[in-house]
Amino acid sequence: MTTIQIGFLILLSLSFIIILGFIYKVWKVALFADGGPNPSFSRLAKLGRLPAERAEISRWAAYIHRVSGFAIFAFLSLHIIDVSTFAFSYAIYDNLHQIYSTWPMRLFECGLLFALVFHALNGLRLIFVDIFDVGIRKSNIALRILLIISIATTLGGSFIILQPVFI
Amino acid sequence: MKLFISRKLSYIALRTTGLMLAVLALGHFLITHITNDVAETDSSFVISRWSSTLWVVWDVLLLTSALIHAFAGLALVVYDYSKNSKSRLRTLQLLSIFVFILLVTGLMFMAVSLYRIYGTGV
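Residues numbered from 1 in each chain as written. Chains lettered and ligands numbered in written order. Predicted model: local features only at pLDDT ≥ 70, side-chain atom pairs only at ≥ 80, totals over all residues.

1. Here we look at the overall build of chain B
What counts is decided by this rule: Per the convention used, a helix needs a DSSP run of H or I reaching at least four residues, while a strand needs a run of E reaching at least two, with both numbered from the N terminus. To get the radius of gyration, use the C-alpha atoms; to get the globule rule, take the number of residues to the power 0.38 and multiply by 2.2 Å. Any two residues are considered in contact once their C-beta atoms, placed from the backbone, lie within 7 Å.
Looking only at helices and strands, chain B features four helices and zero strands. When the helices and strands of chain B are placed in sequence order, the string is α-α-α-α. Here chain B has a C-alpha radius of gyration of 18 Å; the compact-globule value for 122 residues is 14 Å, and the former is much larger. Its C-alpha atoms put chain B at 50 × 30 × 25 Å along the principal axes. Long-range pairs, those at least 24 residues apart, make up 77% of the contacts in chain B between residues at least 6 apart in sequence.

2. Quick word on the overall build of chain A
Our working rule: Partly exposed residues are those falling between the two cut-offs: more than 12 but fewer than 20 other C-beta atoms within 10 Å of their own, whereas 20 or more means buried and 12 or fewer means exposed, with C-beta atoms placed from the backbone.
Scanning chain A for helices and strands turns up six helices and zero strands. Overall, chain A shows an N-to-C arrangement of helices and strands of α-α-α-α-α-α. For chain A, the proportion of its 167 residues judged to be buried stands at 23%. Within chain A, counting contacts between residues at least 6 apart in sequence, those at least 24 apart form 77% of the total.

3. Points about the interface of chain B and chain A
Applied cut-off: Polar here means any residue outside two lists: the nonpolar Ala, Val, Leu, Ile, Met, Phe, Trp, Tyr, Cys and Pro, and the charged Asp, Glu, Lys and Arg; Gly therefore counts as polar.
Each partner contributes residues to the interface: chain B has 29 residues there, and chain A has 28 residues. At the level of secondary structure, the elements contributing two or more residues to the side of chain B that touches chain A comprise helix 1 (7-34), helix 2 (43-49), helix 3 (53-81) and helix 4 (85-118) of chain B. When residues in the side of chain B that touches chain A are grouped by element, the largest group, nine residues, is from helix 1 of chain B. Residue composition of the side of chain B that touches chain A, grouped by class: 17 nonpolar, eight polar and four charged.

4. Examining the confidence of the model for chain B
All names here are of chain B. Using the following cut-off: One number per residue, pLDDT, summarises how confident the predictor is, and it ranges from 0 to 100.
Considering every residue of chain B, the mean pLDDT works out to 89; 94% of them sit at 70 or more. Helix 3 holds the highest mean pLDDT among the elements of chain B, 94, whereas helix 2 holds the lowest, 90. The ipTM for the predicted assembly is 0.91, set against a pTM of 0.89.

5. Here's the deal with the nonpolar core
As a reminder, the rule being used: In this usage, the nonpolar core is the set of buried Ala, Val, Leu, Ile, Met, Phe, Trp, Tyr and Cys residues whose C-beta atoms join them within 7 Å.
Formed by 35 residues in total, the largest nonpolar core has its most connected members in Leu 116 of chain A together with Ala 66, Leu 67, Ala 70 and Phe 71 of chain B. Going through the elements one at a time, helix 3 (56-84) and helix 5 (103-132) of chain A together with helix 1, helix 3 and helix 4 of chain B are the ones with two or more residues in this core. Top contributing element to this core by residue count: helix 3 of chain B, with 10 residues. Once you skip the residues sitting within four places of it in the chain, Leu 67 of chain B turns out to touch Val 99, Leu 102 and Leu 103 of chain B.

6. Description of the environment of Ser 43 of chain B
In this fold, Ser 43 of chain B is placed in helix 2. For the pair formed by Ser 43 of chain B and Ala 13 of chain B, sequence separation is 30 residues and the distance between their alpha carbons is 33 Å.

7. As for helix 6 (residues 136-166) of chain A
Residues and elements named next belong to chain A. Quick note on the threshold: Here, expected helix span is obtained from the residue count minus one, scaled by 1.5 Å. Consider a residue and the seven residues that end there alongside the seven that start there; fitting an axis to each set, the bend is the angle between those axes.
Its 31 residues give helix 6 an end-to-end C-alpha distance of 44 Å, which sits within 8% of 45 Å, the value for a rise of 1.5 Å per residue. Along its length, helix 6 shows its largest kink, about 30 degrees, at Ile 160, and proline Pro 164 lies within four residues downstream of that point. Regarding helix 6, the residues found buried are Asn 140, Ser 150, Thr 154, Gly 157 and Ile 161.

8. Re the environment of Asp 82 of chain A
Turning to its location among the elements, Asp 82 of chain A is positioned in helix 3. Expressed as a C-alpha distance, the spacing of Asp 82 of chain A and Gly 156 of chain A, which sit 74 residues apart in the sequence, is 27 Å.

9. Overview of unusual backbone geometry
Residues and elements named next belong to chain A. Located in the positive-phi region is Asp 133, a residue other than glycine, with phi close to 55 degrees. If you trace the backbone, Asp 133 turns up in the loop between helix 5 and helix 6. Given 7 C-beta atoms within a 10 Å radius, Asp 133 is considered exposed.

10. Re the packing of helix 3 of chain B against helix 4 of chain B
Residue and element names in this part refer to chain B. Formally: Note on geometry: axes are lines fitted to C-alpha atoms, helical ones only across the stretch in contact, with angles between N-to-C directions running from 0 to 180 degrees. Any angle between 65 and 115 degrees counts as roughly perpendicular, while under 35 counts as roughly parallel, over 145 as roughly antiparallel, and the rest as oblique.
Contact geometry of helix 3 with helix 4 gives a least axis separation of 10 Å together with a crossing angle of 170 degrees. Taken together, helix 3 and helix 4 sit at an angle that is classed as roughly antiparallel. Only Arg 88, Thr 91, Leu 92, Leu 95, Ser 96, Val 99, Leu 102, Leu 103, Gly 106, Leu 107, Met 110 and Leu 114 of helix 4 make contact with helix 3, whose side of the interface consists of Val 56, Asp 59, Leu 63, Thr 64, Leu 67, Ala 70, Phe 71, Leu 74, Ala 75, Val 78 and Tyr 79. Among the residues making up the contact of helix 3 with helix 4, the classes are represented as 17 nonpolar, four polar and two charged.

As structure tokens, this is what we get:
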């Protein structure tokens, strides 16, 4: 463990704390300001049912979209800084970059993959809904399909990312 | 209400950069984690990747569009969550300074890295 790796891990932990704080903020504001049903564990349980007219799933999609976007930006800020070491010295870059292939970081990358794929597909759905004036029913169907796609992509991608850990 | 940036510009910028990032960011993740293992993406990987103009352009576009997208998206979050117009303006100013520093840092160190790879020649 070199000093620069420890510095990276400190900044990474800091961004985790900031992300948790953001999730708390989203949760608190949702409880007071959003109007309509509040997000809660009982609501979460009801998401298992599948009546087509329920709009609750798009509310959760909005929260996941917001939190995943924030988390990606937090990681991006750190990633810009750590990749910048390439400009100073290749040795420092290689040393710092070894962290990315450790197993906890690989687990983090699986989470990052889900955040990226969900955020991208849900964003494309929002653009699609805006341009073609799609109704709530069809946009909810699209949301379910993209959820299945993003979970499947994450599972497939995680298999590839985590494979070197088990070999 | 005094707006920090035009709503229309922010709406269009968020959607345009979002469409770009759906290709650029997912493509970046694909080549660094799926088609190549992340352990192989060391400095020699970066040097060989940046020997092609496509990937230099790709990375510049990825960096700028990601930061524009992040700023426009977070501006909406600030509009939702700030208590009054004064704190909103202050938060947006801090946010824009932070994003600008990241953009300058990223582009500057990328230019220095390319200079280190190619030297003084073109």
